[in-house]
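# Observations on the model geometry
Spelled out from the first residue to the last, the chains are:
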Amino acid sequence: MITEVKHTDNQSSPTMITSSSFGTHEGKEVTQYTLKNNKGTVIKILNYGGIITNILVPDKNGKNGDICLGFDDMKGYATNGPYFGALIGRYANRIANGRFTIDGKTYQLDINNGPNALHGGKVGFDKRLWDSKVVGDVLELTYVSADGEENYPGEVKVTVRYQLTEDNELVIRYSATTSAKTVINLTNHAYFNLAGQGSGTIFDHNVTINADKYTPVDSTSIPTGDISDVQGTAWDLRTKTNIGEVIHSVPGGVGYDHNYCFGKTGWQKYMARVEHPSSGRFLAMYSTEPGVQFYTSFYLNETGKGGAAYEKFGAFCLEAQHYPDSPNKPNFPTTLLAPSETYLQTTTYKFGVM
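The notes below deal with the structure included here. Computed from a prediction, not measured in an experiment: that's the story for all the values here. (Residues numbered from 1 in each chain as written. Predicted model: local features only at pLDDT ≥ 70, side-chain atom pairs only at ≥ 80, totals over all residues. Heavy atoms only, no water.)

### Comments concerning the environment of Tyr299
Along the polypeptide, Tyr299 turns up in the loop between strand E25 (291–295) and strand E26 (302–303). Judged by its relative accessible area of 59%, Tyr299 is exposed. For Tyr299 and Val246, which are 53 residues apart along the polypeptide, the C-alpha to C-alpha distance reads 18 Å. (Helix = DSSP H or I, 4+ residues; strand = E, 2+ residues; numbered from the N terminus. Buried < 20%, exposed > 50% of the residue type's maximum accessible area, 1.4 Å probe, protein only.)

### Side note on the sheet that holds strand E20 (residues 228–229)
The strand order across the open sheet formed by 5 strands is E20-E19-E22-E25-E28, and the pairing between neighbours is antiparallel. The sheet is open, and its two edges are formed by E20 and strand E28 (317–321), each paired on a single side. Alignment of strand E19 (residues 213–214) against E20, held across 2 bridges, turns out to be antiparallel. When the bridges of E20 are listed, Tyr214 appears paired with Ser228. (Pairing = 2+ DSSP bridges.)

### Examining the sheet that holds strand E21 (residues 241–242)
The strand order E12-E13-E14-E15-E30-E24-E23-E18-E21 describes an open sheet built from 9 strands, whose pairing is antiparallel. On the outer flanks of this sheet lie strand E12 (131–135) and E21, each paired with one strand and no other. As judged from the 7 bridges shared by strand E24 (residues 281–287) and strand E30 (residues 343–353), these two strands associate in the antiparallel manner. Residue pairing for E30: Arg281 is matched across the bridge by Val353.

### Points about the side chain of Asn193
The topology assignment puts Asn193 in the loop between strand E17 (187–188) and strand E18 (206–209). In terms of polar contacts, Asn193 uses its side chain to reach the backbone carbonyl oxygen of Gly314, at 3.0 Å. For Asn193, the residues in contact, after removing those within four places along its chain, are Ile67, Leu69, Ser199, Gly200, Thr201, Ile202, His205 and Gly314. (Polar contact = N/O pair within 3.5 Å; in protein donor to acceptor, adjacent residues only side chain to side chain. Contact = heavy atoms within 4.5 Å.)

### A short note on the nonpolar core
Of all hydrophobic cores here, the largest spans 60 residues; its most connected members are Tyr162, Tyr260, Phe294, Leu318 and Phe351. The element that contributes the greatest number of residues to this core is strand E14 (residues 156–164), accounting for 5 residues. Counting 22 residues, the second-largest nonpolar core is a separate cluster that includes Leu46, Tyr48, Tyr191 and Ala315. (Core = buried A, V, L, I, M, F, W, Y, C linked by side-chain atoms within 4.5 Å.)

### Brief notes about the pairing of E30
Here 8 bridges tie strand E15 (residues 169–178) to E30, and the two strands are oriented antiparallel to one another. The partner of Ala176 across the bridge, within E30, is Tyr343.

Purely geometric stuff here, so don't read any function into it on its own.
Listed below in structure tokens is the structure:
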């Protein structure tokens, strides 16, 4: 069944939201919501994992194309090794050895990425069915993570709101509270290719990341604890840089999979911009988070929507976040959340044509 809700309270934001069934997961119906504005931009999101399945935006000739990687059905998303389009929690990115300590008590998480814990564990927020409702022009998802889920302390109540504006901005607002001290780091793991999903590598894309510093990592992608200058390194992307010309010069041989540092939380900062000259499309990113993970998909090897072959370096991710392994790095911005506090984040992806 398809239902339709149209925002009518604010005539400056006539975004329409419709919904339809996307199959089932463990016997429960999964709903796909479609957000569409007057510019013709279409974004589709599941209540399973908060997954962004499609982002259709026009190119310089006005032709819409889907720039978001993903799968055609729930069979793909039920496993979703690459975390296509998903909400990540409780802790996005890595925690060294899957271990952290709060008030003298050590918590051991599942080890699911080499020797480390990655993206919330075996069954993170990306593999949960969220409660969902439409509030005006906003899709609101909520989930209650039980105390001890994936071995994290505290019952955590999370709300994520998706909004598509008439300025072709996808605004994602996160909030969370906890019943006991815990660590939290939320993000969205959308994979983008501005030429269109399944269009080959991103070597013809140009990137700018507006950060002076980054966090170097060890051989298992855990930060060393240093916060280093990008000046004079392959991580210096402060001016527009062609990805294909620099990606093979990044030490380690796997391209970019690094956290860039922006400092204080709580105010929305211009973080990054990626352009695709042939289509004319661009994506700009802003966030209240102190960091962003720039990932160029070295490990990508999937068959995606419409049978498209997703190959190594076939997409990029810009994941707003606190720094990896922050619970074990006291010099990093804290990810500790207490019962008296509320976690807040706003991240905006703006789509347009040059």
